[in-house]
Amino acid sequence: MSGTEERPGGTTGIDALLERVRAGYERVGPRDAYEAARAGEALLVDIRYAALRERDGLIPRAVVIERNELEWRLDPQGSHRLPEATDHDLRVVVICNEGYASSLAAESLHRLGLHRATDLVGGFQAWSAAGLPVVPASAQDALGPAHETPGPAQDTPGPAQYTPGPA
C-alpha cells in the first residue's frame, strides 16, 4: 500500500498527510525565504537537531528552536514565547533538514493561529545548495541573540536554561 492511499479505519500514510498539510499554505523556496528574512518580513526558524546543525552549519539570523519546543516558543499568548512572537500575524519560515518535518511543524503553527507560518521547500539542504549564507555551528556565539532561545525570564540565553511549559 502506498503512502498516498486511504488506509483501513480512515488512517492516512505520511505522503498523503504531507500533501494535505502542504495544500493549506504556500511554501517558500530558499531565495524567497532569504529575501523575506533580509527585508525583516519573516522570521527564519531552524528546527534541525543539534547534530545536523553541527555537521552542516547554521543560517545567519535564523532562530534555532528544537522541534519539541516550537509551539511553546512561537505562541504569541504563551508564557515561554520568544520576544519576536508578538502576534498571530508573524510570518514564520520553518526550516528542517530536507523540508518534510518543517511542513508538519508549519501546520502545527497554523493550528496555533499563526496563519502566515510556512516552511522552506527542500529545507536546509536546498538553502545550502542555492549558495545562500551558511556559517559553521562553532560560529554560533558570534552570531548573537538571533540564535539564542532564551528561557522564560527572557534574560538567560540558551536551551539549557529553558523550562518547558505544561505537558
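As a convention, each chain's residues are numbered from 1 in the sequence order in which they are written. Local features in this predicted model are restricted to residues whose pLDDT is 70 or higher, and side-chain atom pairs enter the listing and the counts only when it is 80 or higher, whereas totals over whole chains, interfaces and linings include all residues. Computation of side-chain values: all heavy atoms of the structure, hydrogens and water removed.

## Re the pairing of strand β1 (residues 43-46)
Alternating positions in β1 separate into two faces, L43 and V45 on one and L44 and D46 on the other, with burial throughout. Direction of pairing for β1 relative to strand β3 (residues 92-95): parallel, over a ladder of four bridges. Its bridge partner being in β3, D46 is matched across the sheet by I95. For two strands to be treated as a pair, DSSP must find at least two bridges joining them. Numbered from the N terminus, helices here are DSSP runs of H or I no shorter than four residues, and strands are runs of E no shorter than two. In terms of strand pairing, β1 meets strand β2 (residues 63-64) through two bridges, oriented parallel. Within the sheet, the bridge partner assigned to V45 lies in β2 and is V63. Orient the strands so they point away from the viewer; a crossover is then right-handed if the path from the first strand over the helix to the second runs clockwise. With helix α3 (residues 50-56) bridging β1 and the parallel β2, this β-α-β connection has right-handed handedness. We call a residue buried when its accessible area falls under 20% of the maximum for its residue type, exposed when it is over 50%, and partly exposed in between, using a 1.4 Å probe and counting protein chains only.

## A closer look at the sheet that holds β1
Taken in spatial order, the four strands line up as β2-β1-β3-β4 in an open sheet, and their pairing is parallel. Where the open sheet ends on each side, the last strands, each with one partner, are β2 and β4 (118-119). Across two bridges, the pairing between β3 and β4 is parallel. Bridged to V94 within β4 is D119. Across the sheet, helix α5 (residues 101-111) touches β3 and β4, and the angle it forms with β3 is around 150 degrees. Note on contacts: a residue pair is in contact if any heavy atoms of the two residues lie within 4.5 Å. Each axis is a line fitted through C-alpha atoms, taken for helices only over the stretch in contact, and angles between the N-to-C directions span 0 to 180 degrees.

## Some details on the environment of D75
Looking at the secondary structure, you find D75 in the loop between α4 (70-74) and β3. Taking the C-alpha atoms as reference points, D75 and L109, separated by 34 residues in sequence, lie 8.0 Å from one another. Those residues in contact with D75 that sit more than four places away from it in its chain are R81, H88 and L112.

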